[in-house]
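Per-entry structural report
As a plain string of letters, each chain reads:
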Amino acid sequence: MDAGGGGQLFSVDPLERQAARGHGVVTSMAAGSDVIVLGTSRGWLVRHDYTFEDAHDLDLGSGRSGDHSVHRVFLDPGGKHCVATVVHPGGAETYYHHARWPRPKQLPRLRGLLVNAVAWNRQSITEASTKEIILGTESGQIFEMAVEEADKREKYVKPLFELTEQREGIKDLQMETAVVGNSTRYYVMAVTPTRLYSFTGIGSLETVFASYSDRAIHFMELPGEIPNSELHFFIKQRRAKHFGWLSGSGIYHGELNFGAQHSSTSGDENFVENKGFFDYSKLGDSGTKPRSFALSEFHFLLLIGDKIKVVNRISKQMVEELVVDNTPETSRGIIGLCSDASTGLFYAYDESSIFQISTSDEGRDMWQVYLDMNHYAAALSHCRNPFQRDQVYLVQADAAFASKEYYIAASFYAKMNYVLSFEEISLKFISIGEQDALRTFLLRRLDNLTKDDKMQITMISTWATELYLDKINRLLLEDSTGTTTNSVAEPNNSEYRSIVNEFRAFLSDSKDVLDEATTMRLLESYGRVDELVYFAGLKEQYEIVVHHYIQQGEARKALEVIQRRNVPVDLVYKFAPDLIMLDAYETVESWMMARNKLNPGKLIPAMMRYVSEPHAKNETHEVIKYLEFCVKDLNNEDPGVHNLLLSLYAKKEDESQLLQFLDTKFGKGQTNGPEFFYDPKYALRLCLQEKRMRACVRIYSMMSMHEEAVALALKVDLELAKAEADKVEDDEELRKKLWLKVAKHVIEQEKGVKRENIKKAIEFLSETNNLLKIEDILPFFPDFVLIDDFKEEICKSLKDYNSQIELLKQEMDDATRGADNIRSDIGALAQRYTVIDREQDCGVCRRKILTVGGLHQVGRSYTSVGHMAPFYVFPCGHAFHANCLIGHVTRCSSQAQAERILDLQKRLSLMDRKAAKDNGASVNGESVMSTTPVDKLRSQLDDAVASECPFCGDLMIKEISQPFILPGESDEKASWEIKPQPTPQKILPMTMSI
């Protein structure tokens, strides 16, 4: 019966009714690539090519008279090479025919040998050459032969092997090859009526068969004989997949694995796997043996009588029986079967007709066949649609469920989509109380859902979450009732830790599909705080996580969460007060690791809370450490940070850090910025409150309140007061005033002792670097002090004054002499002149310098010699007309300088015209306009154009950087281009009259 229904797997249709074409009856047949070759009883080959729909008759008798019949015909898979054996009273002859030849050729080296089998090398054969082929004879010999189409004869014939132990005829042969490195491995199978031989080896065929001279031959022997023993390979994609041997007792078959390296007990490499045997008794025909058989991918086609029985190769069950509608006058019935490996078609033939056996998706029900045999993996591999796969999963799941293997059953149920609903499967596990198996089913079902099933994924994930929580609670309850050990909740309990770790992994995998609020309520309702915190971390609800760790006193874990990259920085500021009180060292270290990512100003409230708590004297002040890091390493400029650090320094007993902080100008080097960032008024008030007087002096000094600084320093330390008084450098009067304060303090301190104290006060004057004199400090001494005590200093002071008076007199004399020299130089300057050659040219226009005016008219303000044009002469000898020099300098100067020169020249011209007009109206011919403005303009023009020689000064040096061709000279440049000569043209003569 059919394994699953769906119509017939095979069908038989007549192909040719008069196939022999009048050349006797058909005795043998072979097929390949839509080509069928028939051998007839009269020694003819009839070649039917269904690709081109033509037929050819080939005579193998060569005019020979008498009885001669074709014994066997062999055709390669490509339908190009044909070998045929003819039997006649004189013996046997073998012929070869190529598809392009008009007639076959006899192979003389095989004369007298009855060839029963031919094995083709499917991997090497070409249209032009058979390459190596193997021949099997009735006498038990195996030969190797090769035929080249171009040679019209056999290339060689080599004997390979001969059966000597049990002499039987070789009935069929098959060959396969595989590449092993740079060599070829051959696999050869041969059958006799009772045995199946296998040969394999690397090298040439001759080498392979020669190796069996000293090793055992691998064979399979079955009882019973059959005259028509056959061996077939099923070929798929030019490779043999499995084989079948039609033996006397049944069909021996198996899978072929030509890559296997497993050695058999006989020493040969065994390339046969999954061997099987089909007994003829299952056919129910009273032991009738098949006359012929063919092998498909999943079935055996057995010819018994005129019927073809189809047996499933896997289940060993007959699935169909095909009846061949042969002609009534045929006496012998169906002779045999053959197959075309290239097209997948099968053929049956009798003495005159050919029948085509077609397959109709023979593998469509193989999934059911394998399923009935409980071969689930093979069944799944042959399923064509999801419904078939569900059937396989259902059988597996039900079998596991029945055997109480609920976890396995859950995995298979989860793969189903159509046969059973989700609710039905869930109820199966709920009804028997298998919560763990139900959880497994839900998890596996999640794995099989697609991303589009968002709602179903969320619901199932939530249900699985609750089942996990229920499982954890059941373990804890079992412990509390004493049914298990007392350490269930401890990490060393494997089941508890395993389920908790599994649950956490599930939360991690499902964090994007679980509803956040629902999941958190579930975790909270079951009291799973650790998992709640874990899930909150997965959902980036870091505030919940940090708050939990702080409550547990685990500052380090809280800081690890805060330090993650995706945690908002606001959480750092929010939890800073709690964390610094919990673990100041770790908290400050984390702040320092964050560097510029944090704003220290926002951490001041937390630091103030830490500061308000008492600390041991030898304890490292973490806030000071962090503030120093901000100020020194991060160059923080926040006044609040600097003020807080200063206040902490002020509260310390040791004033050195405070003074060092005040002396360090953290803003120094910045443009337009302050030298310090703290509030000096706040600092002063704080230092006064904490009685840090030295610091107050520094602050007064930095605020430029030097008098207050010195006054306070005198109360602390005289040397400090001296240093502060000496800091004023740009205000001599203030500096003297400060030193007088110090001097007054010194004198008042030393008035208790007489002469010695006066000497100390006088010695103080030397420390002022002559800023104070004896007369400056005399008012500070008492009235009763004797003048003798100051005699030496007074005399010294008078000498100093005398020296200064002499120095001033000398400086006055030097100044008088200098003024006289300047007046004489001015007088000599008015008489300055130079000699010009009458032939000297202007450096710009190249005309004579002493040219009569006219073309070189300038303002009247220039000094002229007769009617000559004004000109400039330089000490280097170059001379220029005034207008030429102005024009040259204007061209070579910058645009701004050129505009200034032109403006000066224009203003001079306007003043000239105005002066001429006024002179014409004057009675005496005297100008009424003052010459002072004109002289001033002329002086400015002279400075602009004649400050240096244009040929010897900076102007000439700057011209080096100018291009040889100026931008405005593009037309001049173009005129110098060499243009190609035009094509010669005929020139017409022209006459021009002038």
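The chain has the name Pep3/Vps18/deep orange domain-containing protein in an unreviewed UniProt entry, where Urochloa decumbens is given as its organism. The chain has a UniProt comment under Subcellular location (unreviewed entry) that states "Endomembrane system". UniProt's Sequence similarities (unreviewed entry) comment on the chain is quoted here verbatim: "Belongs to the VPS18 family."

Looking only at helices and strands, the chain features 32 helices and 30 strands. Split into buried and exposed, the 994 residues of the chain put 44% on the buried side. Long-range contacts, defined as pairs at least 24 residues apart, comprise 53% of the intrachain contacts of the chain with a sequence gap of at least 6. For the chain, the accessible area works out to roughly 54300 Å², and carbon and sulfur atoms hold 51% of it.

Counted under the stated rule, the structure contains 34 salt bridges. Across the salt bridge formed by Arg 167 and Glu 162, the nearest N and O atoms sit 2.9 Å from each other. With a closest N to O distance of 3.3 Å, Glu 297 and Lys 236 form a salt bridge. Placement of the pair is Glu 297 in the loop between strand 22 (292–295) and strand 23 (299–304) and Lys 236 in strand 18 (residues 230–236), with a sequence separation of 61 residues. In this structure Glu 297 comes out as partly exposed when scored by relative accessible area, which is 23%.

The contact between helix 18 (residues 639–650) and helix 19 (residues 656–663) brings their axes to 8 Å, and the two run at 150 degrees. Viewed along their axes, helix 18 and helix 19 adopt a mutual orientation that is roughly antiparallel. When the axes of helix 18 and helix 19 are compared, the crossing they make is left-handed. Of helix 19, the residues touching helix 18 (which contributes His 642, Leu 645, Leu 646, Tyr 649 and Ala 650) are Gln 657, Leu 658, Phe 661 and Leu 662. Of the residues belonging to the contact of helix 18 with helix 19, the class tally is 7 nonpolar, 2 polar and no charged.

Turning to the sheet that holds strand 2 (residues 26–32), a few remarks are in order. Spatially, the 4 strands line up as an open sheet ordered 2-3-4-5, and their pairing is antiparallel. Only two strands of the sheet have a single neighbouring strand rather than two, namely strand 2 and strand 5 (54–59). The average undirected angle you get between the axes of adjacent strands in this sheet is 15 degrees. Pairing analysis gives 6 bridges linking strand 2 to strand 3 (residues 35–40), with the strands arranged antiparallel. From the neighbouring strand, Ala 30 faces strand 3, where its bridge partner is Val 37.

Rules behind the numbers
Residues numbered from 1 in each chain as written. Predicted model: local features only at pLDDT ≥ 70, side-chain atom pairs only at ≥ 80, totals over all residues. Heavy atoms only, no water. UniProt positions renumbered as here; feature names shortened; annotations may be inferred. Helix = DSSP H or I, 4+ residues; strand = E, 2+ residues; numbered from the N terminus. Buried < 20%, exposed > 50% of the residue type's maximum accessible area, 1.4 Å probe, protein only. Contact = heavy atoms within 4.5 Å. Areas by Shrake-Rupley, 256 points an atom, 1.4 Å probe, with all protein chains shown as cover. Salt bridge = Lys/Arg side-chain N within 4 Å of Asp/Glu carboxyl O. Axes fitted to C-alpha atoms, helices over the stretch in contact; angles between N-to-C directions. Parallel < 35°, antiparallel > 145°, perpendicular 65-115°, else oblique. Left-handed = near helix turned anticlockwise from the far one by under 90°. Nonpolar A, V, L, I, M, F, W, Y, C, P; charged D, E, K, R; others polar. Pairing = 2+ DSSP bridges.

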